[in-house]
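Observations on the three-dimensional arrangement
One letter stands for each residue in the lines below.
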Amino acid sequence: MAFIKRFYAAISLLVFTVFMCVLLASNKIVPEGILQKQVDANEQYNRLLKSFDGEYPDYYSGAYIGKDNTLVVQVYDINDAIKKELVEISCNPMLSIERVPYSMNRLLSLYNYLLDLAISNKQLDGLIHYIAIDEAYNLVEIGAVDIRKVTSILFDDIGLSVDYPIRIVESKEALEPLAAETEFGFKLSIKLRCKEAVPI
């Protein structure tokens, strides 16, 4: 489990860095103030992940770049001590903190459960392209070839609760640039996106 958490943190950092590189390399003219805010958000995010040392605290739920191009840290549990810790780690006294229903550890647990299902359940063979944790929306996303069939298998046949934080979307292909091949040929994918923006 610690390996998955460290791997997830490294992939999240990589995805965020790739996003910044794509933004810089694009032909769009990005106002300097916006770019600097995103660079600052990236640095704050890196400090935050480094402070976790591969183990997410129980209160942590994820992070994303908000509409104002600053880092928003999501937490499952919040109190003054946690706020103070996050502000100190990020070196940002104006850090945005948002309370959400699920911790990152719970999302990782669900992610691992769904990955095991995708590998072991023959009904799902060839129907799932990826499983990813979407930090911005605090859920696990499944990229499916056939949404109806995967939904039916997961919720009707297997009996998953509709209360699980799962979103099933149509997928034509796996998220290759954001994926690492597992020994079973499935993809481990991490999606880090700007809320209200086009996914990376």
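Up top is the structure these notes are about.
Since this is a predicted model, take the numbers as computed values, not measurements. (Residues numbered from 1 in each chain as written. Predicted model: local features only at pLDDT ≥ 70, side-chain atom pairs only at ≥ 80, totals over all residues. Heavy atoms only, no water.)

**Brief notes about the overall build of the chain**
Along the backbone of the chain there are 5 helices and 8 strands. Counted from the first residue to the last, the chain has its helices and strands arranged as α-α-β-β-α-β-α-β-β-α-β-β-β. With 200 residues in all, the chain has 47% of them scored as buried. For the chain, restricting intrachain contacts to residue pairs at least 6 apart in sequence, the fraction spanning at least 24 positions comes to 64%. When the accessible surface of the chain is summed, it comes to about 10,600 Å², and 55% of that surface belongs to carbon and sulfur atoms. (Helix = DSSP H or I, 4+ residues; strand = E, 2+ residues; numbered from the N terminus. Buried < 20%, exposed > 50% of the residue type's maximum accessible area, 1.4 Å probe, protein only. Contact = heavy atoms within 4.5 Å. Areas by Shrake-Rupley, 256 points an atom, 1.4 Å probe, with all protein chains shown as cover.)

**What about the pattern of salt bridges?**
As enumerated under the stated definition, the model contains 2 salt bridges in all. Residue Asp134 pairs with Arg167 through a salt bridge whose shortest N-O separation is 2.6 Å. Taken as a pair, Asp134 in strand S4 (residues 128-134) and Arg167 in strand S6 (residues 166-170) lie far apart in primary sequence, 33 residues in all. Residues Glu141 and Arg167 are paired through a salt bridge, measuring 2.6 Å at the closest nitrogen-oxygen approach. Residue Glu141 is located in strand S5 (residues 139-144), and its partner Arg167 is located in strand S6; the two are separated by 26 residues in the primary sequence. (Salt bridge = Lys/Arg side-chain N within 4 Å of Asp/Glu carboxyl O.)

**Focus on helix H5 (residues 147-157)**
Turning to H5, its buried residues are Val150, Ile153, Leu154 and Phe155. The arc that holds every buried residue of H5, seen down its axis, measures 165°, which confines them to one face. Seen from the buried face of H5, the exposed residues on the opposite side, beyond 90 degrees, are Arg148 and Asp156. Residues of H5 that are buried in the fold lie against helix H4 (104-120), S4, S5 and S6. At the N-terminal boundary of H5, the capping side chain belongs to Asp146, with an oxygen 3.2 Å from the backbone nitrogen of Arg148. (Arc of directions from axis to C-beta. Polar contact = N/O pair within 3.5 Å; in protein donor to acceptor, adjacent residues only side chain to side chain.)

**Digging into the sheet that holds strand S3 (residues 96-99)**
The sheet built from 3 strands is open, its strands ordered S1-S2-S3 with mixed pairing. On the outer flanks of this sheet lie strand S1 (60-65) and S3, each paired with one strand and no other. Within this sheet the neighbouring strands show an average axis-to-axis angle of 25°, counted without direction. Of the pairings in the sheet, the one linking S1 to strand S2 (residues 71-75) comprises 5 bridges and is antiparallel in character. Following the sheet pairing, Ala63 is matched in S2 by Val73. (Pairing = 2+ DSSP bridges. Axes fitted to C-alpha atoms, helices over the stretch in contact; angles between N-to-C directions.)

**Let's talk about the environment of Arg167**
On the basis of relative accessible area, Arg167 is assigned to the partly exposed category, the value being 24%. Spatially, the C-alpha atom of Arg167 lies 9.4 Å from that of Asp134, the residues being 33 residues apart in sequence. A polar contact is formed between the side chain of Arg167 and the side chain of Asp134, at a distance of 2.6 Å.

**Focus: the pairing of S1**
The element S1 is largely enclosed, with a buried count of 6 among its 6 residues. Hairpin geometry of S1 and S2 is characterised by an intervening segment of 5 residues between the two adjacent antiparallel strands and by a positive phi of about 65° at Asn69.

**As for the packing of aromatic side chains**
According to the stated counting rule, one finds 3 aromatic pairs in the structure shown. With 5.9 Å between their ring centres and 70° between their planes, Phe52 and Tyr56 make a pair best called edge-to-face. Summarising the burial analysis for this pair, Phe52 and Tyr56 share the class buried. Centroid distance Tyr56 to Tyr60: 5.4 Å. Interplanar angle 10°. Geometry classified as stacked. Judged by relative accessible area, Tyr56 falls into the buried class, the value being 7%. Using a relative accessible area of 1% as the deciding quantity, one classes Tyr60 as buried. (Phe/Tyr/Trp six-rings, centres within 6.5 Å; stacked < 30°, edge-to-face > 60°.)

**Section: H4**
In this model H4 runs 24 Å from its N-terminal to its C-terminal C-alpha over 17 residues, within 8% of the 24 Å that 1.5 Å per residue would give. Every buried residue of H4 is accounted for by Met104, Asn105, Leu107, Leu108, Leu110, Tyr111, Asn112, Leu114, Leu115, Leu117 and Ala118. (Expected span 1.5 Å × (residues − 1).)

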